[in-house]
Amino acid sequence: MRRLRRLAHLVLFCPFSKGLQCDQYRKGIISGSICQDLCNLRQVEWRTCLSSVPGQQVYSGLWQGKEVTIKCGIEESLDSKAGADTAPRRELVLFDKPTRGTSIKEFQEMTLSFLKANLGDLPSLPALVGQVLLMADFNKDHRVSLAEAKSVWALLQRNEFLLLLSLQEKEHASRLLGYCGDLYITEGVPHSSWPGAALPPLLRPLLPPALHRALQQWLGPAWPWRAKIAIGLLEFVEELFHGAYGTFYMCETTLANVGYTAKYDFRMADLQQVAPEAAVRRFLRGRHCEHSADCTYGRDCRAPCDTLLRQCKGDLVQPNLAKVCELLRDYLLPGAPAGLRTELGKQLRTCTTLSGLASQVEAHHSLVLSHLKTLLWKQISNTKYA
């Protein structure tokens, strides 16, 4: 009986109904750039369910001859994975805003207010509001209907969609291809750098570290390709730091989130695990704590606990770069060229000791990151791997 219960937890959670989505489209409740292809022309082919977590509806698919990922009805996973009280949950009442009679100016204002609350009060946000309105007016008729506004508003409530929108100009995030209501399509799922990614989630922690390292060497890309993927990951860390729409934190730093294309260019496999600095700081501000574990957002965005005041401090213990370098030690050192291994190990050790203190973050982090990228590029430049 116990084994049956365990097996029951390994089933894929994909109860999403395309018919319900299309019914809402035909009733004029929702709209979007792919609704016609999805519901009338049936040009979106649904393939494999990729999710084993309740509330995360993810499928592989085919659209316009391209491999795509279809995402719909996705709840926040930062908090669901780390406990009910770990991160703020949003109201997921879909298609109830804006209400009938809302003017375009009011919709702009409510969108700007929402973005300020989630990304911080940044001078670049009006431009992002402009992007939202352009996306809503997918048919280019120079007006935003109520169905279009409701669909885009529902999408903005999804953590990953908000980040996709913020990072669209960055080459290391999957490209957003279209949407219908709160369903959206991105580029196909990249290859995973983690050999255990194909295992059911509950079995992954059972993979011994020694076996994991052996699988990485046997099944993973050749070392020069891994170096190229690592350079892309380091560039992604740069993109997350002081970008046009603020700073973002990686709050579950694992190889399972390190993806790559057929040309071994890095792609972040899951943006659900990336959080805006404003959201993390809002969660930590004034939070009661007994120890630092109480000051954790997501899986590993952790701040110190002031044990005298019993409140969380604002700076994270580990910045993105230090966590990524910890990851790269296991990813790059096995199989590294003998003449490089000592210096690479030294630089990665230095990198893992970086703190999240604001006084360290600027110049020191940039210098460490630059040295690492240069070291790796020197090894693979002027080869077929560059």
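Note that the structure is predicted; figures quoted are calculated from it, not measured. (Residues numbered from 1 in each chain as written. Predicted model: local features only at pLDDT ≥ 70, side-chain atom pairs only at ≥ 80, totals over all residues. Heavy atoms only, no water.)

(A) Broad picture of the nonpolar core. W223, M250, L271, L321, L328, L344 and L376 are the most contacted members of the largest nonpolar core, which has 66 residues in total. The biggest single contributor to this core is helix α10 (residues 223-240), with 10 residues. (Core = buried A, V, L, I, M, F, W, Y, C linked by side-chain atoms within 4.5 Å. Buried < 20%, exposed > 50% of the residue type's maximum accessible area, 1.4 Å probe, protein only. Helix = DSSP H or I, 4+ residues; strand = E, 2+ residues; numbered from the N terminus.)

(B) The pattern of salt bridges, seen in detail. For the coordinates displayed, the defined rule picks out 14 salt bridges. A cluster of three or more residues bridged by salt bridges with shared partners is formed by E45, R47 and E67. (Salt bridge = Lys/Arg side-chain N within 4 Å of Asp/Glu carboxyl O.)

(C) Looking closely at the packing of aromatic side chains. Applying the stated criterion across every chain, the model contains seven aromatic pairs. Look at W225 and Y264: their rings are 4.3 Å apart centre to centre, the planes differ by 10°, and that puts the pair in the stacked class. Here W225 is found in helix α10, whereas its partner Y264 is found in the loop between β8 (258-260) and β9 (266-268), with 39 residues between them in sequence. Residues Y260 and Y264 carry aromatic rings whose centres are separated by 5.3 Å and whose planes lie at 10° to one another, so their mutual orientation is stacked. Connected via pairs of aromatic rings, a cluster forms that spans W225, Y260 and Y264. (Phe/Tyr/Trp six-rings, centres within 6.5 Å; stacked < 30°, edge-to-face > 60°.)

(D) Geometry of the pairing of strand β4 (residues 176-180). Within β4, five of the five residues are buried, leaving the element largely enclosed by the surrounding structure. Note that β4 and strand β5 (residues 183-187) share four bridges and pair antiparallel. Looking at β5, one finds that G178 is bridged to I185. (Pairing = 2+ DSSP bridges.)

(E) Seen up close, the side chain of S166. Note on placement: S166 falls in helix α8 (residues 159-166). On the basis of relative accessible area, S166 is assigned to the buried category, the value being 8%. Side-chain polar atoms of S166 contact the backbone oxygen of L162, separated by 2.9 Å. Those residues within four positions of S166 in sequence are excluded, and the remaining contacts are L119, L128, Y245 and F248. (Polar contact = N/O pair within 3.5 Å; in protein donor to acceptor, adjacent residues only side chain to side chain. Contact = heavy atoms within 4.5 Å.)

(F) Inspection of the sheet that holds β4 at higher detail. One open sheet holds the five strands; their spatial order is β1-β2-β3-β5-β4, and the pairing between them is antiparallel. Every interior strand has two partners, whereas the edge strands, β1 (44-49) and β4, have only one. Taking each pair of neighbouring strands and ignoring which way they run, the sheet shows an average axis angle of 30°. Note that β1 and strand β2 (residues 57-63) share four bridges and pair antiparallel. Counted as the bridge partner of V44 is W63 from β2. (Axes fitted to C-alpha atoms, helices over the stretch in contact; angles between N-to-C directions.)

(G) Region of interest: the state of the cysteines. Summed over all chains, the structure comprises six disulfides. Shown here is the disulfide that connects C22 with C39, its sulfur atoms set 2.1 Å apart. For the disulfide bridge between C22 and C39, the dihedral angle about the S-S bond is near -85°, and by the sign convention the bridge is left-handed. Residue C22 is found in helix α2 (residues 18-26), and its partner C39 is found in helix α3 (residues 35-40); the two are separated by 17 residues along the sequence. The class of C22 is buried, set by a relative accessible area of 4%. Residue classification places C39 among the buried positions, given a relative accessible area of 3%. Disulfide partner of C289: C305, at an S-S distance of 2.1 Å. Because the sign of the S-S torsion sets the handedness, a value of about 90° for the bond joining C289 and C305 places this disulfide among the right-handed ones. Within this pair, whereas C289 is found in the loop between α11 (277-284) and β11 (296-297), its partner C305 is found in strand β13 (residues 305-306), the two being separated by 16 residues in sequence. (Disulfide = S-S within 2.5 Å.)

(H) Geometry of α2. Residues of α2 that are buried: Q21, C22 and Q24. One face of α2 carries all of its buried residues, which in axial projection span an arc of 155°. Each element contacted by the buried residues of α2 is listed here: α3, β4 and β5. At the C-terminal side of α2, G28 shows a positive phi close to 80°. (Arc of directions from axis to C-beta.)

(I) Geometry of the environment of L112. Summarising the element assignment, L112 is placed in helix α5 (residues 104-119). Between the C-alpha atom of L112 and that of L128, which follows or precedes it by 16 residues, the distance is 8.4 Å. Setting aside chain neighbours within four positions, we find L112 in contact with L125, P126 and V129.

(J) Region of interest: the packing of α5 against helix α6 (residues 125-136). Axis separation between α5 and α6 bottoms out at 10 Å; the angle between their running directions is 125°. Relative to α6, α5 is oriented oblique. Along this stretch, α5 crosses α6, giving a crossing that reads as right-handed. On α6, the residues that touch I104, F107, Q108, T111, L112, L115, K116 and L119 of α5 are L125, P126, L128, V129, V132 and L133. Looking at the contact of α5 with α6 residue by residue, the class counts come to 11 nonpolar, two polar and one charged. (Parallel < 35°, antiparallel > 145°, perpendicular 65-115°, else oblique. Left-handed = near helix turned anticlockwise from the far one by under 90°. Nonpolar A, V, L, I, M, F, W, Y, C, P; charged D, E, K, R; others polar.)

(K) Quick look at the sheet that holds β9. Pairing within the open sheet is antiparallel, and its three strands lie in the order β6-β8-β9. At either end of the open sheet lies a strand with only one pairing partner, and these are β6 (191-192) and β9. Summarising the sheet, β8 and β9 pair through three bridges and their orientation is antiparallel. Residue pairing across strands places G259 opposite R267, the latter belonging to β9. Most of the contacts of α10 go to β9, to which it runs at about 45°, and overall it touches β8 and β9.

Take it as geometry only, folks, not as evidence of what the structure does.
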